[in-house]
Amino acid sequence: VWRMKEAPPAGAPPQSGRQLFAAAYMRGAKSLLEEGQPAAFLDLAGRACLLDPGQDNSHFHTLAGTACRQLGMSQEALVHWQRALELDPHHTEAAYLIGMAHYGSGEYEQALEHLEQVVRLDAGDVSAHNSLGSTYQALGRYGEAVAAWQAEAGRPLLYFQQGYRRMEGEQE
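So, a few notes on the structure that sits alongside this text. (Residues numbered from 1 in each chain as written. Predicted model: local features only at pLDDT ≥ 70, side-chain atom pairs only at ≥ 80, totals over all residues. Heavy atoms only, no water.)

Take the layout of surface pockets next. Roughly 150 Å³ of volume is contained in the second largest pocket. Around the second largest pocket, the lining residues are R69, S74, Q75, A77, L78, W81, A101, H102, S105 and E107. Elements supplying a minimum of two residues to the lining of the second largest pocket: α4 (74-87) and α5 (92-104). Of all the elements, α4 adds the most residues to the lining of the second largest pocket, at five residues. (1 Å grid on protein atoms, 1.4 Å probe; cavity = no way out; pocket = protein on both sides within 12 Å on 5 of 7 lines; lining within 4 Å. Points joined across faces, edges and corners; volume = space filled by probe spheres on them. Helix = DSSP H or I, 4+ residues; strand = E, 2+ residues; numbered from the N terminus.)

Before going further, it helps to spend a moment on the nonpolar core. Core analysis: the largest hydrophobic core is formed by 20 residues, its most contacted members being W81, L85, I98, L132 and Y136. Listed by contribution, the elements that provide at least two residues to this core are α4, α5, α6 (108-121), α7 (126-138) and α8 (142-153). Broken down by element, the residue count for this core peaks at five residues, all from α4. When neighbours within four sequence positions are excluded, W81 is seen to be in contact with H61, T62, G65, T66, R69, A94, L97, I98 and A101. Core analysis: the next-biggest nonpolar cluster, separate from the first, contains 14 residues, L44, A48, C49 and A64 among them. (Core = buried A, V, L, I, M, F, W, Y, C linked by side-chain atoms within 4.5 Å. Buried < 20%, exposed > 50% of the residue type's maximum accessible area, 1.4 Å probe, protein only. Contact = heavy atoms within 4.5 Å.)

Glancing now at the pattern of salt bridges. Two side chains carrying opposite charge are able to pair once their charged atoms lie near each other. Per the counting criterion, the structure on display carries three salt bridges. The salt bridge involving R141 is made with E144; its shortest N-O contact spans 2.6 Å. (Salt bridge = Lys/Arg side-chain N within 4 Å of Asp/Glu carboxyl O.)

Structure follows, in structure tokens:
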């Protein structure tokens, strides 16, 4: 006899059999992605979304984008991450992944837009500050790069400031 592992939270709406199966499919799909099987993830997660459209959410699209990236499907990954942002404009992970995809493609202005969004939403995101600094540097905006790196570290960065002076042509 099949039994639920945990009782639903008090006051939670009852779930249909389809929703329960979809949730189980999605849990299995996440495990496949963690095990390095992105194609299997996409297959099983897609089935979960067909069973229960409620599974088609920002978290699903973030994971699907990651799976697509692992499969070398860069444009499809961007589509999923952008969909995640449409569903949840405060989804910092999706915004960060979009920014890094643009950075990797040399599209620094687009990267900047998304990385700045992450920093606005989560000022404590160290990776976003670091990536933002690298993006400013790639654009030749060295002062802003140093400021982003300082914000990341939470302290003055003498080494980077000295490097900044060298980039700007100052003598030490």
